[in-house]
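Commentary on secondary and tertiary structure
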Amino acid sequence: QKEVEQNSGPLSVPEGAIASLNCTYSDRGSQSFFWYRQYSGKSPELIMFIYSNGDKEDGRFTAQLNKASQYVSLLIRDSQPSDSATYLCAVSGFSGGYNKLIFGAGTRLAVHP
Amino acid sequence: DVKVTQSSRYLVKRTGEKVFLECVQDMDHENMFWYRQDPGLGLRLIYFSYDVKMKEKGDIPEGYSVSREKKERFSLILESASTNQTSMYLCASSGTTEAFFGQGTRLTVV
């Protein structure tokens, strides 16, 4: 079992719709959860992070965390063509005294006009 | 403005060569990471370091080694480059929250 799992997609949504991206993780000791966006040929850039169960909103983005189910999601409201990218879920936790950061394989999102 | 700088954007090396990839961060972060990224496989952790001279293996350390002699610099070494090490290599650093990435090095081994 992979430590962090994501559906590879592509996830195709029309402009203006809500895009829902999902991620599951295996380590129950994980403490911090991140969503990165990566455009083709570019490095990943952070969109949001979340530490506590529940929802966290930032503009059009909402991260949701459910530690009991080991599940984290990202909702993008009013999706725009510029949101078309690969979205990477990352999980970290202090294991053995250090902070290991593990990524999922990413979900490719395509927003069509 | 935070900065993680990788020494090369593109690199072409021959099979069997010893290859050094350098990464420098200016944020005084304790943690530094080396990943490789291949289509369909996402970012796979090669090695990471949580302090000067300290290192831990990631998921795919075979064929690689690392060095961290100073806090700001983390080097990835390919002891004897092989064609299956052709990939995009990404360095990242983090403190207590998110990780910041360098621009990546696209390495081709011929």
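Everything quoted here is computed from the prediction, not taken from an experiment.

Calculation criteria
- Residues numbered from 1 in each chain as written.
- Chains lettered and ligands numbered in written order.
- Predicted model: local features only at pLDDT ≥ 70, side-chain atom pairs only at ≥ 80, totals over all residues.
- Heavy atoms only, no water.
- Helix = DSSP H or I, 4+ residues; strand = E, 2+ residues; numbered from the N terminus.
- Rg over C-alpha atoms; globule rule 2.2 N^0.38 Å.
- Buried < 20%, exposed > 50% of the residue type's maximum accessible area, 1.4 Å probe, protein only.
- Contact = heavy atoms within 4.5 Å.
- Areas by Shrake-Rupley, 256 points an atom, 1.4 Å probe, with all protein chains shown as cover.
- Lys, Arg positive; Asp, Glu negative; His and termini not counted.
- Charge placed at Lys NZ, Arg CZ, Asp CG, Glu CD.
- Salt bridge = Lys/Arg side-chain N within 4 Å of Asp/Glu carboxyl O.
- Polar contact = N/O pair within 3.5 Å; in protein donor to acceptor, adjacent residues only side chain to side chain.
- Disulfide = S-S within 2.5 Å.
- Pairing = 2+ DSSP bridges.
- Axes fitted to C-alpha atoms, helices over the stretch in contact; angles between N-to-C directions.

**Observations regarding the overall build of chain B**
Within chain B one finds 0 helices and 11 strands. N-terminal to C-terminal, the α/β element order of chain B is β-β-β-β-β-β-β-β-β-β-β. The C-alpha radius of gyration of chain B comes to 13 Å, within 12% of the 13 Å expected for a compact globule of 110 residues. Relative to its full complement of 110 residues, chain B shows a buried share of 50%. Partitioning the intrachain contacts of chain B with sequence separation of at least 6 by distance along the chain shows that 53% fall at a separation of at least 24. Accessible surface computed for chain B: about 5300 Å², of which carbon and sulfur atoms make up 49%. Taken as two groups, the 15 positive and 15 negative side-chain charges of chain B have centres that lie 7 Å from each other.

**Overview of the interface of chain A and chain B**
With 19 residues of chain A at the contact, the number on the chain B side is 25 residues. Linking chain A with chain B are 0 salt bridges, by the criterion used here. Counting the contacts that link chain A with chain B gives 6 residue pairs in polar contact (both at pLDDT 80 or more). Where the side of chain A that touches chain B is concerned, the elements lending two or more residues are β4 (32–38), β5 (45–50) and β10 (98–103) of chain A. Take the side of chain A that touches chain B: its biggest share by element is 6 residues, from β10(A).

**Notes on the environment of A:Val72**
Residues and elements named next belong to chain A. On the secondary structure map, Val72 appears in strand β8 (residues 71–76). Classification of Val72 by relative accessible area gives buried; the value is 1%. Each C-alpha atom, one on Val72 and one on Pro113, is 28 Å from the other, the two residues being 41 residues apart in sequence. Beyond its immediate stretch of four places on either side in the chain, Val72 contacts Leu21, Asn22, Cys23, Phe33, Trp35, Ile50, Gln64, Leu65 and Cys89.

**Some remarks on unusual backbone geometry**
Following A:Gly9, the chain continues into A:Pro10 via a peptide bond in cis, with omega recorded as 10°. Assignment of secondary structure puts A:Pro10 in the loop between β1 (4–6) and β2 (11–14). Even without glycine at this site, A:Asp78 takes up a positive phi of about 50°. You can see A:Asp78 is positioned in the loop between β8 and β9 (85–95). Judged by its relative accessible area of 40%, A:Asp78 falls in the partly exposed class. Unusually for a residue other than glycine, B:Lys53 sits at a positive phi of about 65°. As for its position among the elements, B:Lys53 is in the loop between β5 (42–51) and β6 (54–57).

**As for the state of the cysteines**
Joining two cysteines, a disulfide is a covalent bond between their sulfur atoms. Under the criterion given, the structure shown has 2 disulfides over all chains. Disulfide partner of A:Cys23: A:Cys89, at an S-S distance of 2.1 Å. Disulfide A:Cys23-A:Cys89: torsion about the S-S bond near -70°, hence left-handed. Here A:Cys89 lies in strand β9 and A:Cys23 lies in strand β3 (residues 19–25), a separation of 66 residues in the sequence. On the accessibility criterion, A:Cys89 (0% relative accessible area) is buried. Disulfide partner of B:Cys23: B:Cys91, at an S-S distance of 1.9 Å. Between B:Cys23 and B:Cys91, the S-S torsion sits near -75°, and that sign places the bridge as left-handed. Taken together, the residues span a long stretch of sequence, with B:Cys23 in strand β3 (residues 19–25) and B:Cys91 in strand β9 (residues 87–94) at a distance of 68 residues.

**Topic: the sheet that holds strand β7 (residues 61–66) of chain A**
Across a sheet, paired strands are connected by hydrogen bonds in the backbone, their directions being either parallel or antiparallel. Residues and elements named next belong to chain A. Ordered in space as β1-β3-β8-β7-β6, the 5 strands form an open sheet in which the pairing is antiparallel. The open sheet is flanked by β1 and β6 (54–58), the only strands paired with a single partner. Within the sheet, the average angular offset between the axes of one strand and its neighbour, ignoring direction, is 20°. Relative to β3, β1 runs antiparallel, the two sharing 3 bridges. Each bridged residue has a counterpart across the sheet, and for Glu5 the counterpart in β3 is Thr24.

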